[in-house]
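The residues making up each chain are set out below.
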Amino acid sequence: HETKFSRAASILRFWLNVARALQRTHLTALKRFLIHKIFLLRCRVNEHIYACTQAYAMRGGENSSEAGAQQHQQGIHGEARFVHQGCASAANAPLGVTWITLGVMSYVLLTLLARSLLHSEQAVAIWRAEVPVLVYDRCMFVFGTAFVIDILSACFEVKTSRLDMVLLPAYVKGVATLTNTLVRYGWGTIGAAPDGTVVMLQRYICWMHTTPTILLLVKMIATSISRKQLTEAIVCVELMLVTGAAGAMTTGWLSVILGCLSHVFFLPLVPYLHQGLTEAGSVVSMHAAGHTMALVYYVTMVMWSAFGLIWDLRMFGLVGLEVEEVVNLCCDFSAKVLTPALRLRCLAQQTALLWNCRQLMLVALASRLL
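Computed from a predicted model, the values in this text were never measured in an experiment.

K.L.:
It is not clear to me how the overall build of the protein chain should be interpreted in this structure. Could you clarify?
P.N.:
When you go through the protein chain residue by residue, the secondary structure sums to 13 helices and two strands. The 370 residues of the protein chain split such that 42% are buried. Of all intrachain contacts in the protein chain linking residues separated by at least 6 positions in sequence, the fraction that spans at least 24 positions is 80%. Counting only carbon and sulfur atoms, one obtains 68% of the accessible surface of the protein chain, whose full area is about 20000 Å².

Rendered as C-alpha cells:
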C-alpha cells in the first residue's frame with residue numbers, strides 16, 4: 001500500500017506541476033475540461049461512499065472470513081457513515097438554534113409553573129440546614145467553565161455546518177449552570193412530600209431538558225439510530241422523570257407504583273445508549289486508545305443507572321438529602337460532560353476524515369488522468 005501511495009503521490013505532484021503551468025497559459029478550454037473531470041470524479045467518489053454505507057447497513061455487519069479484514073471493513077464503512085452524516089448535517093443547520101430556543105422557553109415556563117404550585121418554603125429551610133452551599137458553588141464553577149469553553153468553540157463554527165454539534169453541548173452545560181445558580185441563591189423550585197421529604201424539583205426540570213438533548217447528541221454520533229428510536233427514547237425519558245418526581249412527592253403505595261413505572265421507562269434507554277456509544281466508540285477508538293473508549297462507555301452506563309439507584313435509596317430513607325444531591329451532581333457531571341465530549345471527539349475525527357477523503361480524491365484524479 002505504501003508503494004502504491006508513493007506512486008500516486010508522484011503522479012499527483014506531476015499533475016499539480018501541470019496545473020501550475022496551465023495557470024501561466026491561456027489554455028482556458030483545457031482548464032475547463034480538467035475542472036469538469038474533477039467535478040465528475042468527486043461525484044463518483046461520493047456516490048461510492050454512499051453505496052458502501054448502504055450496502056454495509058443492509059448486510060447488518062456480517063462476519064468476514066478473516067478477523068483482521070472484518071475490522072478493516074468496519075472501519076471503512078464506519079468512517080463512510082460519518083462522511084455521509086457530515087454531508088447531510090448541512091441541511092439541518094437551524095436545528096440547534098430551534099431546539100435551544102424552544103428549550104429555554106419550556107424551561108422558564110415549567111420553572112414558573114412548578115414554583116407557583118409546588119414550591120415550599122418549609123422545604124427550603126430544611127434544605128439549607130442539610131446541604132452545604134459550597135456543593136452548588138463548585139458545581140456552578142465546573143459547569144460554568146465548561147459552558148464558556150463550549151461557547152468559545154461555537155464562535156469558530158458560526159458559519160459552518162458543525163454549529164449544531166457545539167451548540168447543543170453548550171446548551172446542556174448552560175442549563176446545568178442555570179439550575180445550580182437558581183438553587184444556590186434560593187430561586188429554584190423545592191417541594192416537599194406529605195411526610196416531609198424534601199424533593200429538588202428544579203433538578204427534575206433541568207433533566208427534562210438536558211437528557212433529551214444528550215439523547216439527540218447520541219443520535220448525531222450514531223447514524224444507525226433512527227428518528228423513531230430517538231422519539232421513543234425522548235418520550236420514555238420524559239415519562240421516567242415525571243413519574244419519578246410524582247413518586248418522590250407522594251407516599252405509600254402510590255409512591256411505590258410511580259417509582260416502579262419510572263424504572264420501567266428507563267429500560268428502553270439502555271439499548272439506545274449502548275447502540276450509540278458502541279458505534280461511536282468503534283470509529284473513535286481507531287485513532288485513540290481502546291481502553292479510553294471502554295472507560296467512557298462503562299462510566300456513562302453506570303452513572304446513568306446511578307440516578308435510579310440513589311432515588312431508591314432516598315425513598316427508603318437509607319441516605320440523606322446531602323448525599324442524594326452530591327451523587328446527583330456527580331452523575332450530572334458525567335452525563336453532561338462525557339457524552340458531549342465524545343461527540344466533539346467524533347466531530348474532530350469527522351473533520352480529519354473529510355480532509356483525508358479530499359486528498360484521496362486528488363490522488364485518484366491524478367491516477368485517472370495518467
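K.L.:
Explain the packing of helix α7 (residues 163-184) against helix α8 (residues 201-221) here, please?
P.N.:
How two helices sit against one another is set out by the angle between their axes and by the gap between those axes. The geometry of α7 relative to α8 is characterised by a closest axis approach of 10 Å and an angle of 165 degrees between their N-to-C directions. The orientation of α7 with respect to α8, classified from their angle, is roughly antiparallel. Handedness of the crossing formed by α7 with α8: left-handed. Counted together, D164, M165, L168, P169, Y171, V172, V175, A176, T179, N180, L182 and V183 of α7 and Q202, R203, C206, H209, T210, T213, I214, L216, L217 and M220 of α8 form the full contact between these two elements. The residue inventory of the contact of α7 with α8, partitioned by class, reads 14 nonpolar, six polar and two charged.

K.L.:
Would you explain a nonpolar patch on the surface in this entry?
P.N.:
Taken together, the side chains of W253, V256, I257 and L261 define a hydrophobic patch exposed on the protein surface, amounting to about 440 Å² of accessible area. Position of L261 relative to the elements: it lies in helix α10 (residues 252-266). Look at L261 and you get partly exposed, because its relative accessible area is 37%.

K.L.:
Explanation requested: the packing of aromatic side chains in the structure shown.
P.N.:
All told, the structure shown has five aromatic pairs when counted by the stated rule. Three or more aromatic residues joined by ring pairs make a cluster, and in this case those are Y204, W207 and F307.

K.L.:
Whenever I open this one, the side chain of T177 confuses me. Can you help?
P.N.:
Among the structural elements, T177 can be located in helix α7. Here K173 takes part through its backbone oxygen, which lies 2.7 Å from a polar atom of the side chain of T177. If we ignore the near neighbours within four places in the chain, the residues touching T177 are M140, F143, G144 and F147.

Cut-offs applied
- Residues numbered from 1 in each chain as written.
- Predicted model: local features only at pLDDT ≥ 70, side-chain atom pairs only at ≥ 80, totals over all residues.
- Heavy atoms only, no water.
- Helix = DSSP H or I, 4+ residues; strand = E, 2+ residues; numbered from the N terminus.
- Buried < 20%, exposed > 50% of the residue type's maximum accessible area, 1.4 Å probe, protein only.
- Contact = heavy atoms within 4.5 Å.
- Areas by Shrake-Rupley, 256 points an atom, 1.4 Å probe, with all protein chains shown as cover.
- Axes fitted to C-alpha atoms, helices over the stretch in contact; angles between N-to-C directions.
- Parallel < 35°, antiparallel > 145°, perpendicular 65-115°, else oblique.
- Left-handed = near helix turned anticlockwise from the far one by under 90°.
- Nonpolar A, V, L, I, M, F, W, Y, C, P; charged D, E, K, R; others polar.
- Patch = residues over 30% accessible without salt bridge, like charges linked within 9 Å, V, L, I, M, F, W, Y side chains within 5 Å.
- Salt bridge = Lys/Arg side-chain N within 4 Å of Asp/Glu carboxyl O.
- Phe/Tyr/Trp six-rings, centres within 6.5 Å; stacked < 30°, edge-to-face > 60°.
- Polar contact = N/O pair within 3.5 Å; in protein donor to acceptor, adjacent residues only side chain to side chain.

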